[in-house]
Structure formats: C-alpha cells, structure tokens
Amino acid sequence: TIADRSFTGVIAVATPEEMPVTETLALRDTLRGEGLELAAVVLNALYPDRFDANDAQRLERALDDGHAPLERAALRAAVSAHARAGVQRKQRKRLATGLKAAPIELPFVFAEHLGPSQLGGLADALEQAL
C-alpha cells in the first residue's frame, strides 16, 4: 500500500535551516532507493524579507550611533531578523536546487500563541500552494 503512489504520498516538512534541509534531501534519496518520491516539500516558518541590503547597513550604522536602550533593542532585533532571513533564503535555495523544484513555503507566524486564526491562515496558504 505504501508504495502505491495512487494511494500514498510522502510530504516532507522542514524549517529553512541547514540540518532540516540536509535531512529532507537525505529523505528524498532514501525514498528513491525504495522506489518512492516525495509528493511535496513544505518549507515552514520562513521569515519575511523586510530589509534590503541598504536598509540593513542603515540599521547597523544606527546601532553603532548609541541610542536609548529600548531603541538599541529594537535595532538589534531588526538586524537579527534580517540576518536570520538571509540564512533562511540560502537554505531555501539549497533545498530548491537539491530538489530541482521549489518547495511550498509557509511563513513564520509572529504570534504569542497559534490559535484558530493563525492556523486558518497557514491552512489557507497551504491549500493555495497545493
């Protein structure tokens, strides 16, 4: 039953980080060895690109200019989010290259708790991508 593609599909879900991407590509290879393929790959919790390179440089300079503690914390958070988004984009590209196909992307949900509204938004995004 599991080898019958008309009956069973394998969907991998990974975060856009080095180890999960590596494991997803390894899973694909293992499945191929068993005569199976991944039906889809979902890349979960992808940070948005909020800043371009010029914005990031301005944020770094502002961080060096000495601001009030709360302002510095906000600037550090923005710089950190930009760096994380950049690393994630590299891993997204590595995964897409390895798969020879673009993964389905779900955004990182910036919420204290995942409730019905947030889960509904993710479900809608997934349904649209499928």
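Since we're looking at a predicted model, the values are computed, not measured.

A few words on the pattern of salt bridges. For side chains of opposite charge, pairing can occur when their charged atoms come near one another. Inspection of every chain in the model, using the stated rule, returns six salt bridges. The residue Arg 84 makes a salt bridge to Glu 17 at a minimum N-O spacing of 4.0 Å. Note that Arg 84 is positioned in helix H3 (residues 69-99) and Glu 17 in the loop between strand E1 (10-14) and helix H1 (18-33), a separation of 67 residues in sequence. Arg 84 sits in the partly exposed class, given a relative accessible area of 35%. Of the charged contacts in the structure, one is a salt bridge between Arg 58 and Asp 55, with a shortest N-O distance of 2.4 Å. Taken as a pair, Arg 58 and Asp 55 lie in helix H2 (residues 53-64) at a separation of three residues, close to a single helical turn.

Before going further, it helps to spend a moment on the packing of H2 against H3. One way to put it is that H2 packs onto H3 with a least axis distance of 9 Å and a crossing angle of 145°. When you trace H2 past H3, the crossing you get is left-handed. Packed against H2, whose contacting residues are Ala 56, Leu 59, Glu 60, Ala 62 and Leu 63, the element H3 presents Arg 72, Leu 75, Arg 76, Ala 78, Val 79 and His 82 at the interface. Classifying every residue of the contact of H2 with H3 gives seven nonpolar, one polar and three charged.

Here the focus is empty space enclosed by the protein. Scanning the entire structure with this criterion turns up two cavities of 30 Å³ or more. In terms of lining residues, the largest cavity is bounded by Tyr 47, Pro 48, Arg 50, Phe 51, Ala 81, His 82, Ala 85 and Phe 110. Residue composition of the lining of the largest cavity, grouped by class: six nonpolar, one polar and one charged. Approximately 30 Å³ is the volume attributed to the second largest cavity.

Next up on the list: the layout of surface pockets. Taken as a whole, the largest pocket holds about 170 Å³ of empty space. In terms of lining, the largest pocket is formed by Arg 28, Arg 32, Glu 37, Leu 38, Ala 39, Ala 40, Val 41, Leu 99, Ala 101, Ala 102, Pro 103 and Ile 104. Contributing elements (two or more residues each) for the lining of the largest pocket: H1 and strand E2 (38-46). Looking at the lining of the largest pocket element by element, the count peaks at four residues for E2. Split into classes, the residues belonging to the lining of the largest pocket amount to nine nonpolar, no polar and three charged.

Pairing is parallel in the open sheet, where three strands are placed in the order E1-E2-E3. A strand with exactly one partner marks an edge of an open sheet, and here the two such strands are E1 and strand E3 (104-107). Adjacent strand axes in the sheet meet at a mean angle of 20°, parallel and antiparallel pairs treated alike. The sheet contact formed by E1 and E2 spans five bridges and is parallel. Looking across to E2, one finds that Ala 12 is bridged to Val 41. Seen against the sheet, H3 touches E2 and E3 and runs at an angle of roughly 175° to E2.

Calculation criteria
Residues numbered from 1 in each chain as written. Predicted model: local features only at pLDDT ≥ 70, side-chain atom pairs only at ≥ 80, totals over all residues. Heavy atoms only, no water. Salt bridge = Lys/Arg side-chain N within 4 Å of Asp/Glu carboxyl O. Helix = DSSP H or I, 4+ residues; strand = E, 2+ residues; numbered from the N terminus. Buried < 20%, exposed > 50% of the residue type's maximum accessible area, 1.4 Å probe, protein only. Axes fitted to C-alpha atoms, helices over the stretch in contact; angles between N-to-C directions. Left-handed = near helix turned anticlockwise from the far one by under 90°. Contact = heavy atoms within 4.5 Å. Nonpolar A, V, L, I, M, F, W, Y, C, P; charged D, E, K, R; others polar. 1 Å grid on protein atoms, 1.4 Å probe; cavity = no way out; pocket = protein on both sides within 12 Å on 5 of 7 lines; lining within 4 Å. Points joined across faces, edges and corners; volume = space filled by probe spheres on them. Pairing = 2+ DSSP bridges.

Function cannot be inferred from these measures alone, as they are strictly geometric.
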